[in-house]
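# Structural description and commentary
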Amino acid sequence: MDERVERPDSAEVKTESVTEGAVGQDVAAQDTERVSTDETGCGVDSAPNGVKKRKKKTAKQYAISFFIKIGVTAFVVVLLLIFVVGIYVNHSNAGYPMIKDGDLCLTFKLASLHKGDPIVYEKDGETKFGRIVAEAGDIVDVGDEGLTVNGYGTFEDTVYPTTAEGAAIEFPYTVPEDTVFVLNDYRADVYDSRTYGGIPLKDTKGKIIFLLRKRGV
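Residues numbered from 1 in each chain as written. Predicted model: local features only at pLDDT ≥ 70, side-chain atom pairs only at ≥ 80, totals over all residues. Heavy atoms only, no water.

## Brief notes about unusual backbone geometry
A cis amide bond links Tyr96 to the next residue, Pro97, at an omega of 10 degrees. Mapped onto the elements of the fold, Pro97 is located in the loop between β1 (85-89) and β2 (104-108). Following Phe171, the chain continues into Pro172 via a peptide bond in cis, with omega recorded as 0 degrees. Following the sequence through the fold, Pro172 ends up in the loop between β7 (152-153) and β8 (173-174). Positioned with a positive phi, Asn150 is a non-glycine residue whose angle comes to about 55 degrees. Structurally, Asn150 is set in the loop between β6 (146-149) and β7. (Helix = DSSP H or I, 4+ residues; strand = E, 2+ residues; numbered from the N terminus.)

## Focus on the nonpolar core
Core analysis: the largest hydrophobic core is formed by 12 residues, namely Val133, Ala134, Val140, Val142, Leu147, Val149, Ile169, Phe171, Tyr173, Val175, Phe181 and Leu183. Elements with a minimum of two residues in this core: β4 (126-135), β5 (139-143), β6 and β9 (179-183). The contact partners of Tyr173, leaving out residues within four places of it in the chain, are Asp138, Ile139, Val140, Phe181, Gly197 and Gly198. Counting 7 residues, the second-largest nonpolar core is a separate cluster that includes Ile119, Ile132, Val180 and Ile199. (Core = buried A, V, L, I, M, F, W, Y, C linked by side-chain atoms within 4.5 Å. Buried < 20%, exposed > 50% of the residue type's maximum accessible area, 1.4 Å probe, protein only. Contact = heavy atoms within 4.5 Å.)

## Looking at the packing of aromatic side chains
Scanning the entire structure with this criterion turns up 4 aromatic pairs. With a centroid separation of 6.4 Å and 70 degrees between ring planes, the pair formed by Phe171 and Phe181 is classed as edge-to-face. Highlighted residues: Phe171 in the loop between β7 and β8 and Phe181 in strand β9, separated in sequence by 10 residues. Each residue in the set Phe171, Tyr173 and Phe181 is aromatic and connected to the rest through ring pairs, giving one cluster. (Phe/Tyr/Trp six-rings, centres within 6.5 Å; stacked < 30°, edge-to-face > 60°.)

## Overview of the pairing of β2
Because side chains alternate across β2, one face comprises the buried residues Cys105 and Thr107, and the other comprises Leu104, Leu106 and Phe108, none of which is buried. Relative to β2, β1 runs antiparallel, the two being bridged by 5 bridges. Bridged to Gly86 within β2 is Thr107. Pairing of β2 with strand β11 (residues 204-212), which is carried by 5 bridges, proceeds in the antiparallel orientation. Counterpart to Phe108 in the pairing with β11 is Lys207. (Pairing = 2+ DSSP bridges.)

## Considering the pairing of strand β3 (residues 118-123)
Look at any regular strand and the pattern is simple: side chains alternate between the two faces of the sheet. Sheet topology places β3 next to β4; 6 bridges connect them, and they run antiparallel. Its bridge partner being in β4, Ile119 is matched across the sheet by Gly130. Connecting β3 to the next strand, β4, in antiparallel fashion are 2 residues, including Asp124 with a positive phi near 55 degrees. As defined by bridge partners, β3 adjoins β11 across 2 bridges and the pair is classed as antiparallel. Bridging across to β11, Ile119 finds its partner in Lys207.

## As for the sheet that holds β5
One open sheet accounts for 4 strands, arranged β7-β6-β5-β8; its pairing is antiparallel. Each edge of the open sheet carries a strand with a single partner, namely β7 and β8. Sheet topology places β5 next to β8; 2 bridges connect them, and they run antiparallel. Paired with Val140 across the strands is Tyr173, a residue of β8.

## Here's the deal with the side chain of Asp185
Position of Asp185 among the secondary structure elements: in the loop between β9 and α3 (193-196). Look at Asp185 and you get buried, because its relative accessible area is 6%. Leave out the neighbours within four places in its chain, and Asp185 touches Ala94, Gly95, Tyr96, Met98, Arg131, Thr158 and Tyr160.

## Description of the pattern of salt bridges
It is possible for side chains bearing opposite charge to pair when their charged atoms get close. Scanning the model with the defined rule gives 6 salt bridges in all. Here Lys207 and Asp117 are joined by a salt bridge, their closest N and O atoms 3.6 Å apart. Residue Lys207 is located in strand β11, and its partner Asp117 is located in the loop between β2 and β3; the two are separated by 90 residues in the primary sequence. The exposure class assigned to Asp117 is buried, which follows from its relative accessible area of 10%. For Arg194, the salt bridge goes to Asp192, with nearest N and O atoms at 2.9 Å. Classification of Arg194 by relative accessible area gives buried; the value is 0%. Under the relative-accessibility criterion, Asp192 is labelled buried at 0%. (Salt bridge = Lys/Arg side-chain N within 4 Å of Asp/Glu carboxyl O.)

Now the structure itself:
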């Protein structure tokens, strides 16, 4: 018996070869895309042409940014100096020995003022330095026994005795509302509440919280 081997038609073989080649190309393309994705961490859309480059600031933009920061800083400092702290230089001996001539004083304007506090205040357009010895409603007297408040002697960290000599007010003296009674630490200088009476709270510039000793400022 004759055995005949049927061979596929040449056209069919060529078609299968072309098909296999196309499939191979597709697989190769998928592999390439997969490698690209693995290396960059993103898909085809993240190609360099699709990435937005960050623009560098120009010298003009840096200058504008710098001056804006300077302006904001200056504005904050001005607000602090107006509402929170005060800076004053002492040019008298009224606060001696605690505050000497030429000392730089920093005050806290929001502090509650009490007896014993060293303060800065204004009187007749002049900046003055003193110490609160009595508050509103207190009765102050200066006699042979020295300073008394509400009939009691006061303990003060001063080296000079308190006298009424040269005072422009009469003792005993009742401190008016919304005022404080202020004396100089250098008690021989009577230009304090012994001359002016109670110092209005609105004329006080805060409690002294810091001293910078620099004579001749």
